[in-house]
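Examining the three-dimensional arrangement
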Amino acid sequence: MTDLYKDLVSKLETLFGPFDEDNKKFTKAPNSEVARELGYSDAQFSRLINQHATEGEYVRANQNAERILTVLKLEKRIEKMGVNPKQALASPKKRILFLICGLVIGLLASYMWHNDSSTEKAEPSTKYDMLKWSFETSYVKPYVNLNDLPEDCNYPCYKYQGKWQLSNEYKIPFFREQNGYHYVATDVIMYARCLSEEPNTGNRFEGYEYQKHEIWYDKREFPVDSFIRRDGIIKEAYKQLKLEEDGNFTKVATVHTFFRNEFTLVDNDIIRKGKVIGRDVEISPDEEIARTVKTNKEIEKIKSDINRIASNRLEDFSRPISCENAKTPSPDFNMIKDGDLITFNCTLTTSRVSLNYVKTYYLKDQYIKNTCRPSGD
(Lines give C-alpha, C1' and ligand atoms only; values in the text may rest on other atoms or scores of the structure.)
Protein backbone atom coordinates (compact mmCIF):
# COMPACT_ATOMS: atom_id res chain seq x y z
CA MET A 1 0.00 0.00 0.00
CA THR A 2 2.79 2.44 0.93
CA ASP A 3 4.69 1.60 -2.24
CA LEU A 4 1.58 2.10 -4.36
CA TYR A 5 0.94 5.45 -2.70
CA LYS A 6 4.54 6.60 -3.24
CA ASP A 7 4.40 5.44 -6.85
CA LEU A 8 1.26 7.47 -7.43
CA VAL A 9 2.72 10.60 -5.86
CA SER A 10 5.88 10.21 -7.95
CA LYS A 11 3.88 9.99 -11.18
CA LEU A 12 1.74 12.97 -10.24
CA GLU A 13 4.80 15.04 -9.37
CA THR A 14 5.97 14.54 -12.96
CA LEU A 15 2.69 16.03 -14.11
CA PHE A 16 1.84 18.61 -11.45
CA GLY A 17 5.09 19.58 -9.74
CA PRO A 18 6.57 18.79 -6.29
CA PHE A 19 4.25 17.40 -3.62
CA ASP A 20 3.77 19.12 -0.26
CA GLU A 21 3.35 16.14 2.07
CA ASP A 22 2.18 18.25 5.01
CA ASN A 23 -0.61 20.00 3.10
CA LYS A 24 -1.23 17.13 0.66
CA LYS A 25 -1.00 19.44 -2.37
CA PHE A 26 0.99 19.79 -5.57
CA THR A 27 2.67 23.05 -6.48
CA LYS A 28 1.44 23.42 -10.07
CA ALA A 29 -2.24 22.52 -9.75
CA PRO A 30 -4.99 22.38 -7.10
CA ASN A 31 -6.20 18.95 -6.05
CA SER A 32 -9.54 19.49 -7.81
CA GLU A 33 -7.73 19.86 -11.13
CA VAL A 34 -5.56 16.80 -10.45
CA ALA A 35 -8.69 14.81 -9.61
CA ARG A 36 -10.34 15.84 -12.86
CA GLU A 37 -7.32 14.86 -14.94
CA LEU A 38 -7.37 11.42 -13.32
CA GLY A 39 -11.10 11.07 -13.84
CA TYR A 40 -12.01 11.16 -10.13
CA SER A 41 -14.32 13.21 -7.96
CA ASP A 42 -12.77 15.44 -5.29
CA ALA A 43 -13.85 12.97 -2.60
CA GLN A 44 -12.29 10.00 -4.39
CA PHE A 45 -9.01 11.84 -4.90
CA SER A 46 -9.01 12.95 -1.27
CA ARG A 47 -9.06 9.30 -0.19
CA LEU A 48 -6.13 8.58 -2.48
CA ILE A 49 -3.94 11.48 -1.46
CA ASN A 50 -4.64 11.01 2.26
CA GLN A 51 -3.82 7.27 2.10
CA HIS A 52 -7.36 6.18 2.87
CA ALA A 53 -8.03 4.31 -0.40
CA THR A 54 -7.98 0.58 -1.05
CA GLU A 55 -5.19 -1.26 -2.81
CA GLY A 56 -7.35 -1.65 -5.91
CA GLU A 57 -8.04 2.08 -6.01
CA TYR A 58 -4.31 2.83 -5.87
CA VAL A 59 -3.65 0.33 -8.66
CA ARG A 60 -6.24 1.99 -10.89
CA ALA A 61 -5.06 5.50 -10.01
CA ASN A 62 -1.50 4.56 -10.95
CA GLN A 63 -2.78 3.19 -14.23
CA ASN A 64 -4.66 6.43 -14.93
CA ALA A 65 -1.58 8.51 -14.18
CA GLU A 66 0.54 6.24 -16.36
CA ARG A 67 -1.94 6.73 -19.19
CA ILE A 68 -1.52 10.49 -19.03
CA LEU A 69 2.25 10.15 -19.05
CA THR A 70 2.02 7.76 -22.00
CA VAL A 71 -0.16 10.19 -23.95
CA LEU A 72 2.31 13.03 -23.28
CA LYS A 73 5.13 10.88 -24.66
CA LEU A 74 3.10 10.06 -27.74
CA GLU A 75 2.20 13.75 -28.14
CA LYS A 76 5.89 14.53 -28.52
CA ARG A 77 6.10 11.99 -31.31
CA ILE A 78 3.15 13.64 -33.04
CA GLU A 79 4.76 17.08 -32.68
CA LYS A 80 7.73 15.72 -34.63
CA MET A 81 5.21 15.04 -37.41
CA GLY A 82 4.44 18.76 -37.52
CA VAL A 83 1.23 18.76 -35.47
CA ASN A 84 0.98 20.56 -32.14
CA PRO A 85 -1.89 18.92 -30.20
CA LYS A 86 -2.53 22.14 -28.27
CA GLN A 87 -3.07 24.08 -31.50
CA ALA A 88 -4.39 21.43 -33.87
CA LEU A 89 -8.05 22.24 -33.31
CA ALA A 90 -7.37 25.86 -34.17
CA SER A 91 -6.74 24.96 -37.83
CA PRO A 92 -9.49 23.45 -39.97
CA LYS A 93 -6.90 21.72 -42.17
CA LYS A 94 -5.07 20.22 -39.21
CA ARG A 95 -8.22 19.22 -37.33
CA ILE A 96 -8.77 15.97 -39.22
CA LEU A 97 -5.05 15.15 -39.07
CA PHE A 98 -5.18 15.69 -35.30
CA LEU A 99 -8.13 13.32 -35.01
CA ILE A 100 -6.31 10.69 -37.05
CA CYS A 101 -3.24 11.11 -34.87
CA GLY A 102 -5.53 10.81 -31.87
CA LEU A 103 -6.71 7.45 -33.08
CA VAL A 104 -3.08 6.35 -33.39
CA ILE A 105 -2.44 7.52 -29.83
CA GLY A 106 -5.53 5.68 -28.64
CA LEU A 107 -4.52 2.44 -30.33
CA LEU A 108 -0.93 2.58 -29.09
CA ALA A 109 -1.90 3.55 -25.57
CA SER A 110 -4.66 0.94 -25.46
CA TYR A 111 -2.19 -1.73 -26.50
CA MET A 112 0.22 -0.68 -23.77
CA TRP A 113 -2.43 -0.47 -21.03
CA HIS A 114 -4.14 -3.75 -21.83
CA ASN A 115 -0.87 -5.64 -22.11
CA ASP A 116 0.44 -4.54 -18.74
CA SER A 117 0.41 -7.82 -16.80
CA SER A 118 2.13 -6.39 -13.74
CA THR A 119 -1.10 -4.90 -12.35
CA GLU A 120 -4.73 -5.87 -12.19
CA LYS A 121 -6.73 -5.40 -15.39
CA ALA A 122 -7.58 -1.76 -16.09
CA GLU A 123 -11.07 -0.48 -16.65
CA PRO A 124 -12.10 -1.21 -20.26
CA SER A 125 -11.68 1.73 -22.62
CA THR A 126 -14.57 3.05 -24.69
CA LYS A 127 -14.70 4.06 -28.32
CA TYR A 128 -14.90 7.75 -27.48
CA ASP A 129 -11.99 7.88 -25.00
CA MET A 130 -9.79 9.90 -27.34
CA LEU A 131 -12.58 12.37 -28.09
CA LYS A 132 -13.18 12.74 -24.36
CA TRP A 133 -9.48 13.30 -23.73
CA SER A 134 -9.38 15.99 -26.43
CA PHE A 135 -12.03 18.07 -24.65
CA GLU A 136 -11.77 17.15 -20.97
CA THR A 137 -8.07 17.59 -20.20
CA SER A 138 -5.93 20.67 -19.80
CA TYR A 139 -3.55 19.55 -22.54
CA VAL A 140 -5.83 20.66 -25.39
CA LYS A 141 -7.66 24.01 -25.46
CA PRO A 142 -10.50 23.68 -27.99
CA TYR A 143 -12.97 26.12 -26.44
CA VAL A 144 -13.38 29.90 -26.66
CA ASN A 145 -12.93 31.42 -23.19
CA LEU A 146 -14.58 34.47 -21.60
CA ASN A 147 -11.42 36.50 -22.22
CA ASP A 148 -11.68 35.71 -25.94
CA LEU A 149 -15.16 37.17 -26.33
CA PRO A 150 -15.74 40.62 -27.87
CA GLU A 151 -16.20 43.57 -25.56
CA ASP A 152 -19.95 43.71 -26.11
CA CYS A 153 -20.26 39.93 -25.36
CA ASN A 154 -22.39 39.49 -28.48
CA TYR A 155 -21.06 36.04 -29.30
CA PRO A 156 -23.98 33.59 -28.96
CA CYS A 157 -22.08 30.33 -29.53
CA TYR A 158 -20.13 30.66 -26.28
CA LYS A 159 -23.09 29.39 -24.26
CA TYR A 160 -23.46 26.30 -26.44
CA GLN A 161 -19.92 25.11 -25.76
CA GLY A 162 -19.53 21.96 -23.69
CA LYS A 163 -20.71 18.38 -23.49
CA TRP A 164 -24.09 17.38 -24.94
CA GLN A 165 -25.76 13.97 -24.75
CA LEU A 166 -28.73 12.21 -26.32
CA SER A 167 -31.91 12.92 -24.38
CA ASN A 168 -33.94 9.92 -25.54
CA GLU A 169 -33.03 6.92 -27.65
CA TYR A 170 -34.75 6.50 -30.99
CA LYS A 171 -35.02 3.65 -33.48
CA ILE A 172 -35.50 3.29 -37.21
CA PRO A 173 -36.45 0.14 -39.15
CA PHE A 174 -34.06 -0.73 -41.97
CA PHE A 175 -35.63 -0.75 -45.41
CA ARG A 176 -33.92 -3.32 -47.60
CA GLU A 177 -34.64 -6.52 -49.47
CA GLN A 178 -34.47 -8.51 -46.22
CA ASN A 179 -36.95 -7.38 -43.53
CA GLY A 180 -36.43 -7.75 -39.80
CA TYR A 181 -33.58 -5.34 -38.95
CA HIS A 182 -33.82 -2.24 -36.77
CA TYR A 183 -31.35 0.57 -36.08
CA VAL A 184 -31.46 1.89 -32.49
CA ALA A 185 -29.64 5.03 -31.31
CA THR A 186 -28.77 4.37 -27.66
CA ASP A 187 -26.03 6.86 -26.84
CA VAL A 188 -24.66 10.13 -28.19
CA ILE A 189 -21.90 12.23 -26.67
CA MET A 190 -21.08 15.49 -28.43
CA TYR A 191 -18.55 18.17 -27.59
CA ALA A 192 -19.52 21.56 -29.02
CA ARG A 193 -17.11 24.46 -29.54
CA CYS A 194 -17.34 27.85 -31.22
CA LEU A 195 -16.00 28.00 -34.78
CA SER A 196 -13.65 30.81 -33.84
CA GLU A 197 -11.14 30.15 -36.64
CA GLU A 198 -13.48 31.44 -39.35
CA PRO A 199 -14.53 35.09 -39.60
CA ASN A 200 -17.96 35.18 -38.03
CA THR A 201 -20.03 36.92 -35.41
CA GLY A 202 -20.17 34.01 -32.99
CA ASN A 203 -23.18 32.45 -34.68
CA ARG A 204 -21.52 29.19 -35.67
CA PHE A 205 -20.28 26.25 -33.64
CA GLU A 206 -19.24 22.69 -34.40
CA GLY A 207 -19.89 19.45 -32.56
CA TYR A 208 -17.66 16.38 -32.53
CA GLU A 209 -20.00 13.52 -31.81
CA TYR A 210 -19.60 9.88 -30.79
CA GLN A 211 -22.69 7.83 -31.59
CA LYS A 212 -23.49 4.34 -30.36
CA HIS A 213 -26.17 2.48 -32.28
CA GLU A 214 -27.41 -1.08 -32.07
CA ILE A 215 -28.78 -3.31 -34.82
CA TRP A 216 -31.59 -5.61 -33.68
CA TYR A 217 -33.16 -8.53 -35.53
CA ASP A 218 -36.86 -9.46 -35.37
CA LYS A 219 -37.29 -13.17 -36.11
CA ARG A 220 -40.81 -12.46 -37.47
CA GLU A 221 -39.28 -10.22 -40.14
CA PHE A 222 -42.21 -7.82 -40.28
CA PRO A 223 -42.07 -5.43 -43.27
CA VAL A 224 -41.09 -1.81 -42.72
CA ASP A 225 -44.69 -0.69 -43.37
CA SER A 226 -45.60 -2.28 -40.03
CA PHE A 227 -43.70 0.46 -38.21
CA ILE A 228 -44.17 3.64 -40.25
CA ARG A 229 -47.11 5.55 -41.65
CA ARG A 230 -47.50 6.44 -45.30
CA ASP A 231 -46.07 9.92 -44.66
CA GLY A 232 -42.84 8.45 -43.26
CA ILE A 233 -43.69 9.20 -39.63
CA ILE A 234 -42.72 6.38 -37.29
CA LYS A 235 -45.71 4.93 -35.47
CA GLU A 236 -46.05 5.75 -31.77
CA ALA A 237 -46.43 2.09 -30.80
CA TYR A 238 -43.07 1.37 -32.42
CA LYS A 239 -41.44 4.28 -30.58
CA GLN A 240 -42.64 2.86 -27.26
CA LEU A 241 -41.58 -0.71 -28.06
CA LYS A 242 -38.70 -1.91 -25.84
CA LEU A 243 -36.83 -4.40 -27.99
CA GLU A 244 -34.82 -5.83 -25.10
CA GLU A 245 -38.07 -6.86 -23.38
CA ASP A 246 -39.56 -8.56 -26.45
CA GLY A 247 -38.46 -12.15 -27.00
CA ASN A 248 -38.81 -11.77 -30.76
CA PHE A 249 -35.86 -9.40 -30.92
CA THR A 250 -32.15 -9.93 -30.36
CA LYS A 251 -29.23 -7.50 -30.64
CA VAL A 252 -27.00 -8.64 -33.48
CA ALA A 253 -24.49 -5.79 -33.78
CA THR A 254 -23.20 -2.57 -32.21
CA VAL A 255 -22.26 0.37 -34.42
CA HIS A 256 -19.78 3.04 -33.29
CA THR A 257 -19.79 6.25 -35.32
CA PHE A 258 -17.75 9.44 -35.28
CA PHE A 259 -19.81 12.36 -36.61
CA ARG A 260 -19.02 16.03 -37.18
CA ASN A 261 -21.80 18.63 -36.92
CA GLU A 262 -21.92 22.27 -37.95
CA PHE A 263 -24.53 24.50 -36.30
CA THR A 264 -25.56 27.98 -37.37
CA LEU A 265 -27.63 30.31 -35.18
CA VAL A 266 -30.12 32.45 -37.11
CA ASP A 267 -32.49 34.52 -34.97
CA ASN A 268 -34.12 31.88 -32.71
CA ASP A 269 -33.35 28.94 -35.02
CA ILE A 270 -30.48 26.47 -35.09
CA ILE A 271 -29.49 25.05 -38.48
CA ARG A 272 -27.70 21.68 -38.31
CA LYS A 273 -25.55 20.06 -40.97
CA GLY A 274 -23.17 17.16 -40.61
CA LYS A 275 -21.63 13.99 -41.93
CA VAL A 276 -20.03 10.76 -40.78
CA ILE A 277 -16.24 10.76 -40.38
CA GLY A 278 -15.79 7.09 -39.47
CA ARG A 279 -17.72 4.01 -38.39
CA ASP A 280 -16.99 0.62 -36.80
CA VAL A 281 -19.42 -2.32 -36.67
CA GLU A 282 -19.12 -5.08 -34.04
CA ILE A 283 -21.19 -8.22 -34.63
CA SER A 284 -22.63 -9.76 -31.45
CA PRO A 285 -21.27 -13.13 -30.24
CA ASP A 286 -23.01 -16.22 -31.62
CA GLU A 287 -24.35 -17.15 -28.18
CA GLU A 288 -26.13 -13.80 -27.92
CA ILE A 289 -27.68 -14.10 -31.39
CA ALA A 290 -28.73 -17.67 -30.51
CA ARG A 291 -31.13 -16.36 -27.84
CA THR A 292 -33.66 -15.80 -30.62
CA VAL A 293 -32.51 -17.98 -33.52
CA LYS A 294 -31.44 -21.54 -32.83
CA THR A 295 -29.63 -23.05 -35.81
CA ASN A 296 -26.10 -22.30 -36.96
CA LYS A 297 -27.46 -21.72 -40.45
CA GLU A 298 -29.74 -18.93 -39.18
CA ILE A 299 -26.88 -17.38 -37.19
CA GLU A 300 -24.60 -17.38 -40.22
CA LYS A 301 -27.35 -15.84 -42.34
CA ILE A 302 -27.79 -12.99 -39.83
CA LYS A 303 -24.04 -12.37 -39.73
CA SER A 304 -24.00 -12.31 -43.53
CA ASP A 305 -26.88 -9.82 -43.51
CA ILE A 306 -25.03 -7.59 -41.05
CA ASN A 307 -21.97 -7.58 -43.27
CA ARG A 308 -24.10 -6.52 -46.23
CA ILE A 309 -25.77 -3.83 -44.13
CA ALA A 310 -22.36 -2.57 -43.01
CA SER A 311 -21.00 -2.43 -46.56
CA ASN A 312 -24.12 -1.19 -48.36
CA ARG A 313 -27.12 -0.04 -46.36
CA LEU A 314 -25.14 1.97 -43.79
CA GLU A 315 -24.06 4.18 -46.67
CA ASP A 316 -27.53 5.72 -46.44
CA PHE A 317 -26.79 6.56 -42.80
CA SER A 318 -23.50 8.21 -43.85
CA ARG A 319 -25.04 10.75 -46.20
CA PRO A 320 -25.38 14.36 -45.02
CA ILE A 321 -28.33 14.56 -42.67
CA SER A 322 -31.52 16.43 -43.48
CA CYS A 323 -33.06 18.11 -40.44
CA GLU A 324 -35.53 20.89 -39.89
CA ASN A 325 -34.28 23.87 -37.94
CA ALA A 326 -34.43 23.53 -34.17
CA LYS A 327 -35.52 26.28 -31.81
CA THR A 328 -32.94 27.75 -29.47
CA PRO A 329 -33.42 26.82 -25.79
CA SER A 330 -33.88 30.52 -24.97
CA PRO A 331 -34.29 33.72 -27.04
CA ASP A 332 -31.52 35.17 -24.86
CA PHE A 333 -28.40 33.08 -25.49
CA ASN A 334 -26.92 34.25 -22.20
CA MET A 335 -29.65 32.31 -20.39
CA ILE A 336 -28.73 28.91 -21.87
CA LYS A 337 -27.74 26.51 -19.09
CA ASP A 338 -27.12 22.87 -18.16
CA GLY A 339 -30.16 20.72 -18.83
CA ASP A 340 -31.41 22.73 -21.81
CA LEU A 341 -32.64 20.79 -24.85
CA ILE A 342 -32.20 21.14 -28.61
CA THR A 343 -34.60 19.06 -30.72
CA PHE A 344 -34.21 18.31 -34.42
CA ASN A 345 -36.85 16.69 -36.62
CA CYS A 346 -34.80 14.77 -39.19
CA THR A 347 -35.39 12.66 -42.29
CA LEU A 348 -33.38 9.63 -43.33
CA THR A 349 -33.80 8.40 -46.90
CA THR A 350 -32.86 4.76 -47.33
CA SER A 351 -33.60 2.80 -50.51
CA ARG A 352 -35.69 5.79 -51.65
CA VAL A 353 -37.95 5.48 -48.61
CA SER A 354 -38.09 8.51 -46.27
CA LEU A 355 -38.13 7.85 -42.53
CA ASN A 356 -38.69 10.66 -40.06
CA TYR A 357 -37.19 10.64 -36.57
CA VAL A 358 -36.56 13.05 -33.70
CA LYS A 359 -33.12 13.63 -32.20
CA THR A 360 -32.85 15.65 -28.99
CA TYR A 361 -29.61 16.77 -27.33
CA TYR A 362 -29.43 17.97 -23.74
CA LEU A 363 -26.64 20.10 -22.34
CA LYS A 364 -24.85 17.89 -19.81
CA ASP A 365 -21.84 20.03 -18.88
CA GLN A 366 -21.71 23.62 -20.14
CA TYR A 367 -18.16 24.93 -20.53
CA ILE A 368 -18.87 28.58 -19.59
CA LYS A 369 -21.55 28.66 -16.92
CA ASN A 370 -21.01 32.33 -16.04
CA THR A 371 -22.53 35.13 -18.10
CA CYS A 372 -20.27 37.39 -20.11
CA ARG A 373 -20.40 41.01 -18.91
CA PRO A 374 -19.83 43.79 -21.48
CA SER A 375 -16.94 46.13 -20.80
CA GLY A 376 -17.97 49.01 -18.55
CA ASP A 377 -20.77 47.09 -16.80
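A short tour of the structure in this document, coming up.

Conventions adopted
- Residues numbered from 1 in each chain as written.
- Predicted model: local features only at pLDDT ≥ 70, side-chain atom pairs only at ≥ 80, totals over all residues.
- Heavy atoms only, no water.
- Core = buried A, V, L, I, M, F, W, Y, C linked by side-chain atoms within 4.5 Å.
- Buried < 20%, exposed > 50% of the residue type's maximum accessible area, 1.4 Å probe, protein only.
- Helix = DSSP H or I, 4+ residues; strand = E, 2+ residues; numbered from the N terminus.
- Contact = heavy atoms within 4.5 Å.
- Salt bridge = Lys/Arg side-chain N within 4 Å of Asp/Glu carboxyl O.

Y160, W164, I270 and F344 are the most contacted members of the largest nonpolar core, which totals 39 residues. Listing elements by their share of this core, those giving two or more residues are β3 (162-166), β4 (170-173), β5 (181-194), β7 (249-266), β11 (341-350) and β12 (353-366). Looking at this core, the element that brings in the most residues is β5, giving 5 residues. In contact with W164, other than residues within four places in its own chain, are V188, I189, M190, A192, D340, I342, Y361, Y362, L363 and K364. With 22 residues, the next largest nonpolar core counts V9, V34, A35 and L69 among its residues.

Attention shifts here to the pattern of salt bridges. Counting across every chain of the model gives 19 salt bridges. Ionic pairing is found between D269 and K327, a salt bridge with its closest N-O pair at 2.8 Å. Here D269, found in strand β8 (residues 269-283), pairs with K327, found in strand β10 (residues 326-327); they are 58 residues apart in sequence, far enough to count as distant. With a relative accessible area of 21%, D269 lands in the partly exposed category. For D365, the salt bridge goes to K369, with nearest N and O atoms at 2.9 Å. Among the charged side chains, a salt-bridge network with shared partners connects R193, R204, E206, R260 and E262.

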